[in-house]
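# Analysis of the macromolecular model
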Amino acid sequence: MKTLRNAKPGDTVRVARINGEGAIKRRIMDMGVTKGVEIYVRKVAPLGDPVEVTVRGYELSVRKADAEMIEVE
């Protein structure tokens, strides 16, 4: 499955599933990243960390490790 980390700048993707458990999953969901929400990938830092996205009308920077937990379609 494709993850948010694999998405290229300019892509608009939809969250299919959030992997992980406990506090990590809760933190990602508290940032507004939930199943079915659309995410626009604004840019990716030169070394791939962090990924800057727009979700629910605001800009968010997501660490590479967290982006790998977010499966998208």
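Residues numbered from 1 in each chain as written. Predicted model: local features only at pLDDT ≥ 70, side-chain atom pairs only at ≥ 80, totals over all residues. Heavy atoms only, no water.

### What to know about the pairing of strand β2 (residues 38-44)
Threshold: At least two DSSP bridges between two strands are required for those strands to pair. Runs of H or I in DSSP of at least four residues are treated as helices and runs of E of at least two as strands, each being numbered from the N terminus.
Examined bridge by bridge, strand β1 (residues 12-18) and β2 share three bridges and lie antiparallel to one another. Within β2, the residue paired with Arg14 across the bridge is Glu38. One ladder, built from five bridges, connects β2 with strand β3 (residues 51-55); its direction is antiparallel. The residue of β3 that forms the bridge with Lys43 is Glu52.

### Brief notes about the nonpolar core
Most often, soluble globular proteins have nonpolar side chains that are buried together. Counted only if it meets this: Definition of nonpolar core: a set of buried residues of the types Ala, Val, Leu, Ile, Met, Phe, Trp, Tyr and Cys, connected through side-chain atoms within 4.5 Å. When a residue's accessible area, from a 1.4 Å probe over protein chains only, is under 20% of the maximum for its type it is buried; when over 50% it is exposed; and in between it is partly exposed. It only takes one pair of heavy atoms within 4.5 Å for two residues to be counted as in contact.
Judged by nonpolar contacts, the single largest core of 19 residues is most densely connected at Leu4, Val15, Val33, Ile39, Val53 and Ile70. Among the elements of the structure, β1, β2, β3, β4 (58-62) and β5 (70-72) are those that each provide at least two residues to this core. Filtering out sequence-adjacent residues up to four positions away, Val15 remains in contact with Val33, Thr34, Lys35, Gly36, Val37, Ile39, Ile70, Glu71 and Val72.

### Remarks on the pairing of β1
Both faces of the sheet carry side chains from a regular strand, because those side chains alternate between them. Relative to β5, β1 is paired through three bridges, and the arrangement is antiparallel. Within the sheet, the bridge partner assigned to Val15 lies in β5 and is Val72.

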